[in-house]
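Residues per chain, in single letters:
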Amino acid sequence: MYKCFIKRIIDFILSLLALIILSPLLLILTLTGAIAMRGNPFFVQKRVGRIDKKTGKETVFSLIKFRTMSNAKDKEGNYLPNEQRLNKYGRILRSSSLDELPELLNILAGQLSCIGPRPLLVEYLPFYSEEEHHRHDVRPGLTGLAQVNGRNCISSWEERFAYDLEYVRNCSFKEDIKILFATVGKVIKHSDILESSQAKVGRLDDERK
């Protein structure tokens, strides 16, 4: 009952209230980001969503975040390494998790949930095991069990997926509340946040080819 119906109602109410309350901050970050990034302050990327019960296949949606890296390029027109494109403003957004705020729109639209496995790249789909596909039995989340147990400090994809599948099996209101409060603690302490070059796991498609 909770997973199929009540959870979505809670997501809608919470995301709507958050968007209303945080609208001044969202406006400030949008304007500041446009200046800091010298253009579009938003980062939009295709991610994998919940499995469609009619087709039995994963849906794809456009995840929206605040941009944390500039579009700086070298003389040949190629993007500079991520470490050089991540400016001071972007680091502040990442360390405070403010870059995630636009995802409230994804939650309101029903593409994301407040709590669930983090949505991953579409390119990773062919590299899941049969069991790992079940991480998409629920809506992906703004935060999840893996995020409160290490975030990008987790040492392997297998460990990350194990947390995701554990969440899917034990999804409940009590579990979501625990993850929500644990996430708030992580954000306040700025813990388990690494630069992309420091992350302990690489791309899934590179590891499993």
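Everything below is about the structure printed above this text.
Residues numbered from 1 in each chain as written. Predicted model: local features only at pLDDT ≥ 70, side-chain atom pairs only at ≥ 80, totals over all residues. Heavy atoms only, no water.

**Student:** Describe the overall build of the protein chain, and please don't skip the residues or the numbers.
**Tutor:** Along the protein chain, the regular secondary structure elements total eight helices and four strands. Starting at the N terminus, the α and β elements of the protein chain follow one another as α-α-β-β-α-α-α-β-β-α-α-α. Here the protein chain has a C-alpha radius of gyration of 17 Å; the compact-globule value for 209 residues is 17 Å, and the two agree. Overall, the protein chain is about 55 × 45 × 35 Å in size when its C-alpha atoms are taken along their principal axes. Relative to its 209 residues, the protein chain shows a buried fraction of 41%. Entry remark: accessible area of the protein chain is about 11600 Å², with carbon and sulfur atoms responsible for 61%. (Helix = DSSP H or I, 4+ residues; strand = E, 2+ residues; numbered from the N terminus. Rg over C-alpha atoms; globule rule 2.2 N^0.38 Å. Buried < 20%, exposed > 50% of the residue type's maximum accessible area, 1.4 Å probe, protein only. Areas by Shrake-Rupley, 256 points an atom, 1.4 Å probe, with all protein chains shown as cover.)

**Student:** Can you explain helix α4 (residues 88–96)? Please cite residues and give values.
**Tutor:** Within α4, the full set of buried residues consists of Tyr89, Gly90, Leu93 and Ser96. Down the axis of α4, the smallest arc covering the buried residues is 145°, so these residues share one side. Summarising the contacts, the buried residues of α4 are in contact with α2 (23–36), β2 (58–66) and α7 (173–189). You can read the cap of α4 off the contacts: a side-chain oxygen lies 3.3 Å from the backbone nitrogen of tyrosine 89, and it is on asparagine 87. A positive phi of about 65° marks serine 97, the residue just after α4. (Arc of directions from axis to C-beta. Contact = heavy atoms within 4.5 Å. Polar contact = N/O pair within 3.5 Å; in protein donor to acceptor, adjacent residues only side chain to side chain.)

**Student:** How would you explain the environment of alanine 146 if you had to name every residue and give the values?
**Tutor:** With respect to the element layout, alanine 146 can be found in the loop between β4 (141–143) and α6 (157–170). For the pair alanine 146 and glycine 33, spaced 113 residues apart in the sequence, the C-alpha separation amounts to 29 Å.

**Student:** Go over empty space enclosed by the protein with me, naming the residues and quoting the values.
**Tutor:** Inspection of the entire model under this criterion finds one cavity of 30 Å³ or more. Space inside the largest cavity adds up to approximately 60 Å³. Contributing to the lining of the largest cavity are Lys3, Lys7, Arg8, Asp11, Arg50, Ser113, Val138 and Arg139. Counting residues per element, the lining of the largest cavity draws most heavily on helix α1 (residues 2–21), which supplies four residues. Split into classes, the residues belonging to the lining of the largest cavity amount to one nonpolar, one polar and six charged. (1 Å grid on protein atoms, 1.4 Å probe; cavity = no way out; pocket = protein on both sides within 12 Å on 5 of 7 lines; lining within 4 Å. Points joined across faces, edges and corners; volume = space filled by probe spheres on them. Nonpolar A, V, L, I, M, F, W, Y, C, P; charged D, E, K, R; others polar.)

**Student:** Got a sec to walk through a nonpolar patch on the surface? Specific residues and values, please.
**Tutor:** Residues Met1, Phe5, Ile6, Ile9, Phe12, Ile13, Leu16, Leu17, Ile20 and Ile21 make up a contiguous nonpolar surface patch of roughly 980 Å² in combined accessible area. Turning to its location among the elements, phenylalanine 5 is positioned in helix α1. (Patch = residues over 30% accessible without salt bridge, like charges linked within 9 Å, V, L, I, M, F, W, Y side chains within 5 Å. Salt bridge = Lys/Arg side-chain N within 4 Å of Asp/Glu carboxyl O.)

**Student:** Account for the layout of surface pockets, with residues named and values stated.
**Tutor:** In this structure, the second largest pocket spans a volume of roughly 170 Å³. In terms of lining, the second largest pocket is formed by Gly49, Arg50, Ile51, Asp52, Lys53, Thr59, Val60, Phe61, Gly110, Gln111 and Arg139. Sorting the residues of the lining of the second largest pocket by element identifies β1 (42–51) and β2 as the ones contributing at least two each. Residue composition of the lining of the second largest pocket, grouped by class: three nonpolar, four polar and four charged.

**Student:** Can you break down the pairing of β2 residue by residue, with the values?
**Tutor:** Relative to β2, β1 is paired through eight bridges, and the arrangement is antiparallel. Within β2, the residue paired with valine 48 across the bridge is valine 60. Counted along the chain from β1 to the antiparallel partner β2, the turn is six residues long, and its residue glycine 56 has a positive phi close to 75°. (Pairing = 2+ DSSP bridges.)

**Student:** Account for the nonpolar core, with residues named and values stated.
**Tutor:** One recurring pattern in soluble globular proteins: nonpolar side chains tend to sit buried together. Ranked by size, the top nonpolar core spans 24 residues in total, and within it Leu29, Phe66, Leu101, Leu104, Tyr167 and Ile179 carry the most contacts. Going through the elements one at a time, α1, α2, β2, α4, α5 (103–108), β3 (113–115) and α6 are the ones with two or more residues in this core. Dropping the residues within four chain positions of it, leucine 101 is found in contact with Leu22, Leu25, Leu26, Leu29 and Phe66. In terms of nonpolar packing, the next biggest core, distinct from the first, is built from 10 residues, Leu125, Trp157, Val201 and Leu204 among them. (Core = buried A, V, L, I, M, F, W, Y, C linked by side-chain atoms within 4.5 Å.)

That's the geometry; what it means functionally is another story.
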